Amino acid sequence: MNNEMMMNVSEQKFELVMMQLAKVVRRPLTRLSGYYSRVLERPVDNRQTLLLLNAQLAALMTIFPIDCALSLRVVCGAWLVSALLKCKAAL
């Protein structure tokens, strides 16, 4: 029975640490959401912020001037189109 109590306490500590870590990771995302909200003049949540970041990364990877195969450019273009459609649906 004592072992069960110790596991519960250690699990609670682990859960507390994970929750604090999640807060630390979410803080910059929340600030970026606030920035996007001010720029777009409408509320933007964390999910929409992640979609916007995905679209920006896809655009960067599509237009970045590197020597690569045409098939890779097509894949990046498809990624960009997909990301933009998801942004359109979410916003």
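The rules behind each value
- Residues numbered from 1 in each chain as written.
- Predicted model: local features only at pLDDT ≥ 70, side-chain atom pairs only at ≥ 80, totals over all residues.
- Heavy atoms only, no water.
- Helix = DSSP H or I, 4+ residues; strand = E, 2+ residues; numbered from the N terminus.
- Expected span 1.5 Å × (residues − 1).
- Buried < 20%, exposed > 50% of the residue type's maximum accessible area, 1.4 Å probe, protein only.
- Core = buried A, V, L, I, M, F, W, Y, C linked by side-chain atoms within 4.5 Å.
- Patch = residues over 30% accessible without salt bridge, like charges linked within 9 Å, V, L, I, M, F, W, Y side chains within 5 Å.
- Areas by Shrake-Rupley, 256 points an atom, 1.4 Å probe, with all protein chains shown as cover.
- Salt bridge = Lys/Arg side-chain N within 4 Å of Asp/Glu carboxyl O.
- Lys, Arg positive; Asp, Glu negative; His and termini not counted.
- Charge placed at Lys NZ, Arg CZ, Asp CG, Glu CD.
- Phe/Tyr/Trp six-rings, centres within 6.5 Å; stacked < 30°, edge-to-face > 60°.
- Axes fitted to C-alpha atoms, helices over the stretch in contact; angles between N-to-C directions.
- Parallel < 35°, antiparallel > 145°, perpendicular 65-115°, else oblique.
- Left-handed = near helix turned anticlockwise from the far one by under 90°.
- Contact = heavy atoms within 4.5 Å.

Turning our eyes to something else, we now look at helix α2 (residues 46–63). For α2, which comprises 18 residues, the first-to-last C-alpha distance of 26 Å matches the rise-based estimate of 26 Å (1.5 Å per residue) to within 8%. Among all positions of α2, only Q48, T49, L51, L52, A55, A58 and T62 are buried.

In this structure, Y36, V44, L51, L52, A55, A58, L80, A83, C87 and A90 together form the largest nonpolar core, which totals 10 residues. Among the elements of the structure, α2 and α3 (70–90) are those that each provide at least two residues to this core.

Right, let's get into the environment of L50. With respect to the helices, strands and loops of the structure, L50 is situated in helix α2. Judged by relative accessible area, which is 47%, L50 ranks as partly exposed. For L50 and Y35, which are 15 residues apart along the polypeptide, the C-alpha to C-alpha distance reads 13 Å.

Among the surface-exposed residues, K23, R26, R27 and R31 lie close enough to one another that they form a single positively charged patch. Along the chain, R31 falls in helix α1 (residues 2–40).

Take the packing of aromatic side chains next. For the coordinates displayed, the defined rule picks out 1 aromatic pair. When the ring of Y35 is compared with that of Y36, the centres are 5.9 Å apart and the planes differ by 50°; the resulting orientation is tilted.

Contact pair α2 / α3: the axes reach a minimum separation of 8 Å and the direction vectors enclose 155°. Relative to α3, the element α2 lies roughly antiparallel. Taken as a pair, α2 and α3 cross one another with a handedness that is left-handed. Contacts between α2 and α3 pair R47, Q48, L51, L52, N54, A55, L57, A58, A59, M61, T62 and I63 from the former with R73, C76, G77, W79, L80, A83, L84, K86, C87 and A90 from the latter.

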